[in-house]
Amino acid sequence: MARKNRLADAFKENFNVVGLAGAAGLSLAFLTPLPLLIGIVAEVGYLLFVPDSRWYQNRLSQRFDAEVTARRVKLREQVFLVISENVQERFTRLEDIRTQLDGHALSKENWMREVCRKLDYLLEKFLLFARREVEFAQYLENVYAEVVVGLKGKRRDKEGPPIPNEDRSRRMVTTIQERFDDEIAQLEGKHEEDSNTQAVLDKRREVLTQRHEYVGRIGRILTNLGHQMQLLEDSFGLINDQIRARPPEQVLADIEGVVTQTDAMTNLLDEIAVYDDMSRRFDL
C-alpha cells in the first residue's frame, strides 16, 4: 500500500480523530491553546512513525482481509440462491482449502499472504462465474422454448434455474440456429413489390441473423465458463500441493497465470453486458 494511502488511513483512525477532538475540546474548555498544541505535536509524531510501522501495516492488512471475507460471504449468500447444490459443494470445497491455508506454518510470510489474497480473488470470481453460468443457461432455455418448442412469451424462470450442461447447451444452440437459418432462408426467397413491406422483411432477416450470432456466442461463453470454473478448482488443488513442495516464486507464478486467464474471462463477460441489457429490455 502506498505511503500516501497509509497516511490517510492512519489520520482517519477512530482513536486518532478522538484524540485530536479531545485536545481541541480541552483548549476550548480551559481557554488555552496548550492542549491543542500538545495534540498537534503528538499528531505529527504519530503520522511520522505509525503509518510506516509493521504494527500498522499488519493492522491495515487484517482490515483488508476482513473486508474481502465479508464481501465474499455476502456474495455467497446471494449466489447460493440461484446455483445448484453441486456447484455449492464445489465452491465449499475451494473455500475449505483456502481456510486451511490460514493455519499453515507459512501463513505469516509475505509471499504466502499474497497467494491467499489471490485465492480470495479467485473464490469471488468462481461465485460470479457460477451466477453468470446459470443466467446464460436460462437465456438458452428461454430462446429454445420460444423458437423450437413454440412457447413464445412464456418464460421458464418460474420452473427454477436450469442446471448448466455442456452437451445440452450445444444441442440447443445448434437446433435454435437451424430454426433461425430456416426462417432467414424463407425471408430471402420473398420479394415484395411494396417497398415498405420489403423493408420490414429485410429488417426481420437482419434481426434473425443477429439473434443467430448472439445465440452462438452465448453458447460458446457458457461452455468457456464451465471450463474456467473447472480450471479454478484444479488450480486450488495445484497450489495446495505446491506450497509443500515448490519454491514461493513458482507458486506465485502459477497462480498469477490463473488470475490472468480469469481476468480474460471477466473482460469477455463485461463485453456482452450491453447485450444482456438489450435481452432484458426486449425479453429475449
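Whatever comes next refers back to the structure up there.
The following refers to the structure shown. As the structure is a prediction and not an experimental result, all values here were calculated from the model.

1. Observations regarding the overall build of the chain
Piece 1. Secondary structure assignment for the chain yields 10 helices and zero strands.
Piece 2. Scanning the chain from its N terminus toward the C terminus, one meets helices and strands in the order α-α-α-α-α-α-α-α-α-α.
Piece 3. Relative to its 284 residues, the chain shows a buried fraction of 38%.
Piece 4. Long-range pairs, those at least 24 residues apart, make up 76% of the contacts in the chain with a sequence separation of at least 6.
Piece 5. Carbon and sulfur atoms provide 55% of the accessible area of the chain, an area that totals close to 17000 Å².

2. A word on helix H9 (residues 248-271)
Piece 1. With 24 residues, H9 should reach 34 Å at 1.5 Å per residue; the first-to-last C-alpha distance of 35 Å fits that figure.
Piece 2. By the burial criterion, the buried members of H9 are Val251, Leu252, Ile255, Val258, Val259, Thr262, Met265, Thr266 and Leu269.

3. Quick look at the pattern of salt bridges
Piece 1. Tallying each qualifying case throughout the model produces 15 salt bridges.
Piece 2. Close ionic contact of Glu183 with Arg204 constitutes a salt bridge, the shortest N to O distance being 3.2 Å. Of this pair, Glu183 sits in helix H7 (residues 166-188) while Arg204 sits in helix H8 (residues 195-242), placing them 21 residues apart in sequence.
Piece 3. Relative accessible area serves as the criterion here: at 28%, Glu183 is assigned to the partly exposed category.
Piece 4. Of the residues examined, Arg204 reaches a relative accessible area of 40% and is grouped as partly exposed.
Piece 5. Shared partners join several salt bridges into a network, and the residues in it are Arg72, Arg76, Glu95, Arg98, Asp102 and Asp120.

4. Looking at the packing of aromatic side chains
Piece 1. With the rule as written, the count across this model stands at two aromatic pairs.
Piece 2. Residues Phe80 and Phe91 carry aromatic rings whose centres are separated by 6.0 Å and whose planes lie at 85 degrees to one another, so their mutual orientation is edge-to-face. Here the residue Phe80 occupies a position in the loop between helix H4 (54-79) and helix H5 (85-102), and Phe91 occupies one in helix H5, the gap between them amounting to 11 residues.
Piece 3. Looking at Phe91, the relative accessible area reads 0%, which means it is buried.
Piece 4. Among the aromatic residues, those joined into a ring-pair cluster are Phe80, Phe91 and Phe126.

Analysis parameters
Residues numbered from 1 in each chain as written. Predicted model: local features only at pLDDT ≥ 70, side-chain atom pairs only at ≥ 80, totals over all residues. Heavy atoms only, no water. Helix = DSSP H or I, 4+ residues; strand = E, 2+ residues; numbered from the N terminus. Buried < 20%, exposed > 50% of the residue type's maximum accessible area, 1.4 Å probe, protein only. Contact = heavy atoms within 4.5 Å. Areas by Shrake-Rupley, 256 points an atom, 1.4 Å probe, with all protein chains shown as cover. Expected span 1.5 Å × (residues − 1). Salt bridge = Lys/Arg side-chain N within 4 Å of Asp/Glu carboxyl O. Phe/Tyr/Trp six-rings, centres within 6.5 Å; stacked < 30°, edge-to-face > 60°.

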